[in-house]
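A look at the structure
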Amino acid sequence: MKITKLILTLLFLPLGAFALDPPIEPIETVKVSSEDDFDHHSTFDGCWSLQKNTDYILTQNVKLTRCLHIGATIRLDLNGYTLSRNLDNLFVTEKALIFRVDRTLIIEDSNKSENNRGIIAGDFNINTGIPAILVNDNGSAFLLSGIINVTEENLAIDLHGSLQIDGGSVYSYGTGITAHSGSKVEVFSGSVNGNNRGIVAKEGSKVTLAGGSFNTNSNYAVEAFEDINISGAPSFPDYNALVLSNGKKINIVGELKDKALINVDIAESLTDKNPKIALSGQSEYITNEAINNGIFNHLVAKTSDYKLYAYNNTLMMKKDYPAIRYITGDGKTTAFIDGDYYGSIGEVKAKTVDSVVFERKFPLSANGYSTIMLPFSAKLNQLSGVKNIYYFRGVEEVNGKMEVQVQNLKDGAEDISQVEIQAYRPYLIQMESETLKIKGAVEIKSNNSYPVSSSGLWFFNGNDEFLEFTSEHVAGDNIYGFNDQVTEDFKTAGQFVKVGAGATLAPFRAFLFTRDIFTPELKEKNRPATIDVVIVESTNGNENTTVIGSIDTRSGEFKMNRNYDLKGRKLNGTHQARGAYYGKKVLKK
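The present account deals with the structure reproduced in this document. (Residues numbered from 1 in each chain as written. Predicted model: local features only at pLDDT ≥ 70, side-chain atom pairs only at ≥ 80, totals over all residues. Heavy atoms only, no water.)

1. Points about the overall build of the protein
Our working definition: Helix and strand labels come from DSSP, where a helix needs a run of H or I of at least four residues and a strand needs a run of E of at least two; each type is numbered from the N terminus. Relative accessibility thresholds used throughout: buried, under 20% of the residue-type maximum; exposed, over 50%; partly exposed, between the two (1.4 Å probe, protein chains only). By definition, residues are in contact when any of their heavy atoms lie within 4.5 Å. Only the protein chains shown count as covering a residue, and every accessible area follows the Shrake-Rupley method with a 1.4 Å probe.
When its secondary structure is counted, the protein shows 2 helices and 56 strands. The 589 residues of the protein split such that 57% are buried. For the protein, long-range pairs separated by at least 24 residues make up 60% of all intrachain contacts whose partners lie at least 6 apart in sequence. Put simply, the protein shows about 25,500 Å² of open surface, and 46% of that area lies on carbon and sulfur atoms.

2. Details of the sheet that holds strand 28 (residues 276-278)
Using the following cut-off: When DSSP finds at least two bridges between two strands, those strands are taken to pair. For helices, the axis comes from a line fit to the C-alpha atoms of the stretch in contact; other axes are also lines fit to C-alpha atoms, and the angle between any two N-to-C directions lies between 0 and 180 degrees.
If you walk across this open sheet you meet the 3 strands as 28-31-30, and the pairing is antiparallel. Because the sheet does not close on itself, it has two edges, and the strands there are strand 28 and strand 30 (306-311). Averaged over all pairs of adjacent strands, the angle between their axes in this sheet comes to 20°, without regard to strand direction.

3. Quick notes on the packing of aromatic side chains
Selection rule: The criterion for an aromatic pair is that two Phe, Tyr or Trp rings (for Trp, the six-membered ring) have centres within 6.5 Å, with stacked assigned to planes under 30 degrees apart, edge-to-face to planes over 60 apart and tilted to the rest.
As enumerated under the stated definition, the model contains 12 aromatic pairs in all. An angle of 35° between the planes, with centres 5.5 Å apart, marks the rings of Phe392 and Phe460 as tilted. Taken together, the residues Phe392 in strand 39 (residues 386-398) and Phe460 in strand 47 (residues 458-462) connect sequence positions 68 residues apart. Assigned by exposure class, Phe392 and Phe460 land together as buried. Judged by centre distance (6.0 Å) and plane angle (35°), the rings of Phe511 and Phe513 are tilted. Residue Phe511 shares its accessibility class with Phe513, and that shared class is buried. An aromatic cluster is present here, built from Tyr309, Tyr311, Tyr342 and Phe466 joined pairwise through their rings.

4. Thoughts on the state of the cysteines
Note the following rule: Here, a disulfide means two cysteine sulfur atoms that sit within 2.5 Å of each other.
Applying the stated criterion to the full structure yields 1 disulfide. Here Cys47 engages in a disulfide with Cys67; their sulfurs sit 1.8 Å apart. Between Cys47 and Cys67, the disulfide has an S-S torsion of -75° and is therefore left-handed. Note that Cys47 is positioned in strand 4 (residues 47-50) and Cys67 in the loop between strand 6 (62-64) and strand 7 (68-70), a separation of 20 residues in sequence.

5. What about the nonpolar core?
The cut-off we apply is this: Only buried Ala, Val, Leu, Ile, Met, Phe, Trp, Tyr and Cys residues count toward a nonpolar core, and they belong to the same one when joined by side-chain atoms within 4.5 Å.
In this structure, Phe38, Leu83, Phe99, Ile157, Leu209, Ile230 and Phe296 are the most contacted members of the largest nonpolar core, which totals 73 residues. Not counting residues within four places of it along the chain, the set of residues in contact with Leu209 comprises Val187, Ile199, Phe214, Val222, Ile228, Asn229, Ile230, Ser231, Pro234 and Phe236. Among the nonpolar cores identified, the runner-up in size contains 35 residues, and Val348, Ile372, Val386 and Val442 belong to it.

Now the structure itself:
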């Protein structure tokens, strides 16, 4: 029986649904008690073709002898009943598809009884390898409530178009959803379950998980061959992780709720040569607090020697390893030095190596300026990717303004090839490549003691551990980190910026501090919020200066993690431009 009524299709879509053009024509509401109630005036590729915008409501269980082609905007209310294929007379070679979607299919179940759940049922008796629902390139499917249930090793939803899940459940004895290149999946609530895989995100797909639960009995809840976007409160139980392949990442694109539970794993094991992997691009929502609060976890049963941590607002996974690790092969030893190490360098013993790999990506947008400290001495001609290296001359007041003065190591040298950098001495370095390469053999030096550059009461100190400044460290108002990016708080790059609580600094870099005894009245004058860096150049006995503090850049190594990072992004709490902390090693001049 058909009852005509005026209704716009999208009135029953939730906010945030995919943008669809609402139909102009009236929509028919059709009560379905048998296959004959579906429009079957024409067929498309073996399916009954539904070409009119229609609201179908099941009034009893219905078995189809043919699949349904969605060529219009179709809303299906399961109403507590089951829609399935009639498999009694179905040949194994016949397509057991239920829906072929080329326009819009909206699935819901208005019956809220736990004893009568609306179900779209796939193959129960045979394994055809055919999905219950095929969504083609221009098709869109919405699951608002109800169950899509497929047995055997079959696929529940084969996706080439768009899918939004905001309630209901997808279950398959094989794989729940396969998202192909160019497809789009958004999950806000509900669940996706697969005995083999919950979701397979193929390369080129776009999958956003903002809620819901993702489960599997034996393998992976989500297997990602493409980056995965996450926000809200998705849940991945600890026995079936979100698994990343081929260096793909988790992108945290919004605030994570307290109920979020994200277990992560990687498809390929970490090795001593490659002991860590970045799981996500930068996001202000990735913090060590999120890890400590249990939002981010990893499979301890499979990866007990791996650890998760947040560094530079990036989620990292690592295998326990030292900051300097030695790999020997073919009779030669290479020292791999992690320039972004998360932890303390620890005790370093002297060792001669045949080659060095320094693992750090230098920012170039600030004209290449950064700070550096290396655990070995080297001639300048052993270093490639470097434009200039500067040593610390001191902090001076010039025309009423404090400035950090540095000078090029090459100034005054008769033979540049004999100029060298010293082990554990801090420098300002100007790079012309993102990578610092070291040629030839070097001797890794012991770090029982190391030099510090000083001038009066000001010290330029190399850093041998990951520093995370707390409120207990910042009482002296006397420490500065090098800033090589423009921010809302710091309008000029290439300066030393006063450190506040919550700031972090990785090893193999340097910071500036003072041990002055200024009175409170003189602190504001002698401890400004920022100090320009000035290059002193000697030419024919005359000294000229160049300020590098006006370089425009948006990348950097020194950031404030919990208050304001040096990109000016407010995190938790308020900005406190104070700080005091310096190294625990024996300092010698």
